[in-house]
Amino acid sequence: MYWTEFLTVALIHLLAVASPGPDFAVVVRESVTHGRRAGTWTALGVGTAIFLHVGYSLLGIGLIVSQSIVLFNALKWAAAAYLLYIGFKALRAQPAKPVADDLHKEVGERTARGAFTSGFVTNGLNPKATLFFLSLFTVVINPHTPLAVQAGYGIYLAVATAGWFCLVAMLFSQQRVRSGFARMGHWFDRTMGAVLIAIGVKLAFTEMH
């Protein structure tokens, strides 16, 4: 009965999650710099944050945030500040020591909790995600659709997001890919830092429509 609606939700989500953004940049950076384990935990953090968006969308809190310029701006500036923080931190990256040794050390230095938190905060504070889920649960999904079914959509969105970024982590954490990036060493970190800063600045100037 709800298959058409579900397929619409799945298609819109696929298009949204496949477009490069803060989540993609963070997962790639964690995967290349710290390895598959860190990249996977970051992906799981991003996926888990989806439950946050789904939760307030079902409760109607997202509607309140979208209608309040103060709340929207608070969320926007918090997200921008976080992205700028990790971006500037990456810009300060120094030339690495021998690649093989450094890669193994980096993997050990990044904790699962740290990687997970990085992914969760990046997605959870993104105001664009707030607006995306709000529009999804108010425009695309029929308000008369039972809450249980809507919750089912939410579970799918979280699992699909985590699955997608786990694939991204798997790709960018391959030894051959990491070695290729590692040759550029600190320049890769600085490039990713510049990307994150650009996204943060763009986010800071996001207007509520």
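These numbers come from a predicted model, not from an experiment.

Peer 1: Got a minute to help me understand helix α9 (residues 147-172) in this structure?
Peer 2: Every α-helical turn comprises 3.6 residues, leaving residues that sit three or four positions apart pointing alike. With 26 residues, α9 extends 37 Å from end C-alpha to end C-alpha; this agrees with the ideal 38 Å at 1.5 Å per step. Of the residues making up α9, those classed as buried are Q150, Y153, G154, L157, A158, T161, A162, F165, C166, V168, A169 and F172.

Peer 1: Could you clarify how one ought to interpret the UniProt feature "transmembrane region" (unreviewed entry) in the protein chain in this entry?
Peer 2: Under the local residue numbering, the UniProt record ascribes the feature "transmembrane region" (unreviewed entry) to residues 41-63, 70-88 and 153-172. Note that residues 153-172 is 100% helix and 0% strand, and that its end C-alpha atoms are spaced 29 Å apart.

Peer 1: Looking at this structure, how should I read the layout of surface pockets?
Peer 2: Estimates place the volume of the second largest pocket at around 540 Å³. As for the second largest pocket, its lining consists of 22 residues, and the residues nearest its centre are A16, S19, D23, N126 and K128. Residue assignment for the lining of the second largest pocket shows that the elements contributing at least two residues are α1 (3-18), α2 (22-34), α3 (36-59), α8 (127-140), α9 and α11 (186-204). In terms of residues, the lining of the second largest pocket owes the most to one element, α8, which gives four residues. Split into classes, the residues belonging to the lining of the second largest pocket amount to twelve nonpolar, seven polar and three charged.

How each quantity is defined
- Residues numbered from 1 in each chain as written.
- Predicted model: local features only at pLDDT ≥ 70, side-chain atom pairs only at ≥ 80, totals over all residues.
- Heavy atoms only, no water.
- Helix = DSSP H or I, 4+ residues; strand = E, 2+ residues; numbered from the N terminus.
- Expected span 1.5 Å × (residues − 1).
- Buried < 20%, exposed > 50% of the residue type's maximum accessible area, 1.4 Å probe, protein only.
- UniProt positions renumbered as here; feature names shortened; annotations may be inferred.
- 1 Å grid on protein atoms, 1.4 Å probe; cavity = no way out; pocket = protein on both sides within 12 Å on 5 of 7 lines; lining within 4 Å.
- Points joined across faces, edges and corners; volume = space filled by probe spheres on them.
- Nonpolar A, V, L, I, M, F, W, Y, C, P; charged D, E, K, R; others polar.

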